[in-house]
Amino acid sequence: MTDYHPCAPKPRHRFGTPEHREFLSSDARRQFSFFNESLRPDGGFYVLGHEGAPLADTVQELHTTTRLVHSYALGKLAGSPGCDAVIDAGMDYLWNHHRDADHGGYFWALDRDAVHDDRKLAYGHMFVLLAGASAKLAGHPDADRLIDDVSAVLDQKFWEDDAGLFADEWNRDWSPFSTYRGMNANMHGVEALLTAYEATGRDGYLEKAGRILEFFTGRIGPAENWRLPEHYTETWQTDRDYSGNPMFRPAGTTPGHSFEFARLLLQYWDLRGRPEEGSRDAAWALTERALTDAWNAESGGLYYTLDFGGAPAIRDRYWWPVTEAIGVLASFLKLGGTKEQGDWYARLWQFADTHFIDHERGGWYPEIDQAGHPTVTQFNGKPDIYHAVQACLFPLSTRLSHIAVHLGGALR
């Protein structure tokens, strides 16, 4: 399966061991301690450098605000102290700054009190719904108004009922911005919809999530040998020639997104009572294909993107695909798992422990160079807590769904 064996994984990397649970809890606590410094005294959040000091850039993107709200809501439910300050600040900033009071929807980026980028992106709106749903699970008093507001925008402006999928982007006044359609916003749409269903019990969220999953994991996955193309035309045909931003819209396929989709498919399957209809097999097919294609056998880690045949395209190694692979493997191991799945899980944690986790200050380095050392090419500082803290918290729950409210004070 791999030639990368620096040493045998230790008990702290193995799912279910007492040493591993302590390892996960300790790292999550360090992460929350580090990102507490994100709070800006004049409202909103800083982006933090590797050392924990605020970066000079004051632009705040929508996914930064929302992911902090979501992550600290998970932290509060897990028993981490002091999470309310971040949740409150994020919820206030979303409603009073990111929200467009004139045209509806939420601005992509702000620079203090000024609008920096007024586009309305589905990707960002999905995280607004996720933030609202997670805040509701954590008992925030303003969660319902945020959920209701962004749900109406998603339904009226982004949802394409004929396709059963979300469109991607509009100008501020909802005039057309492009005809681009993409997988990433819809994948995070499933994440937000499932969390909103868990928070509210509204069946419409679950139904929409199911339609998106059916398209990508029921139709596209099997047709593409379980590799998921990222980009689509206005009529939802695969666009194999598309090549946008090499970080946020790279050509080809992104194995990290296969891991995310697979975990979300298992969450959806669990919420529906685990019917015998192939979801578990499909989730493993996505996961196994992405692991096999993307693992760097010489030096470990996961390649960022692949071509449509599975060959490495962008060979850079980032933290977030590793965290997402950990998340879905934890889900399989909660179901009993296999030796192969347990070995992959331990190998990924061993690699993260060695190369990505900042044991001294907290948080994870977002990228490493060819020698496996932290570097700065695509990301300034430590861009968010979202991916890494979920990699710690999800395995601490025994659940595939309703994870947030079953963390059981794991960080107390």
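Residues numbered from 1 in each chain as written. Predicted model: local features only at pLDDT ≥ 70, side-chain atom pairs only at ≥ 80, totals over all residues. Heavy atoms only, no water.

1. Examining the sheet that holds strand S1 (residues 59–61)
And then number 1: Pairing is antiparallel across the open sheet formed by three strands, whose spatial order is S1-S2-S3. Across the chains shown, the open sheet's two edge strands, defined by having one partner strand only, are S1 and strand S3 (114–117). Ignoring which end each strand starts from, the neighbouring axes of this sheet average 35 degrees apart.
And then number 2: Strand direction decides the pairing type here: S1 and strand S2 (residues 109–111), joined by three bridges, are antiparallel. Each bridged residue has a counterpart across the sheet, and for Val59 the counterpart in S2 is Asp111. (Pairing = 2+ DSSP bridges. Helix = DSSP H or I, 4+ residues; strand = E, 2+ residues; numbered from the N terminus. Axes fitted to C-alpha atoms, helices over the stretch in contact; angles between N-to-C directions.)

2. Topic: the environment of Arg99
And then number 1: With respect to the element layout, Arg99 can be found in the loop between helix H3 (83–98) and S2.
And then number 2: The class for Arg99 is partly exposed, based on a relative accessible area of 23%.
And then number 3: Residues Arg99 and Val150, spaced 51 residues apart in sequence, show a C-alpha to C-alpha distance of 9.4 Å.
And then number 4: Non-local contacts of Arg99, meaning those with residues more than four positions away in its chain, are made with Leu94, Gly105, Tyr106, Phe107 and Asp149. (Buried < 20%, exposed > 50% of the residue type's maximum accessible area, 1.4 Å probe, protein only. Contact = heavy atoms within 4.5 Å.)

3. Examining the packing of aromatic side chains
And then number 1: All told, the structure shown has 26 aromatic pairs when counted by the stated rule.
And then number 2: Where Trp284 meets Phe332, the ring centres are 5.3 Å apart and the plane angle is 80 degrees; that geometry is what we call edge-to-face. One end of the pair, Trp284, is in helix H9 (residues 279–294); the other, Phe332, is in helix H10 (residues 319–334), with 48 residues separating them in the sequence.
And then number 3: Trp284 gets classed as buried once you look at its relative accessible area, which sits at 16%. (Phe/Tyr/Trp six-rings, centres within 6.5 Å; stacked < 30°, edge-to-face > 60°.)

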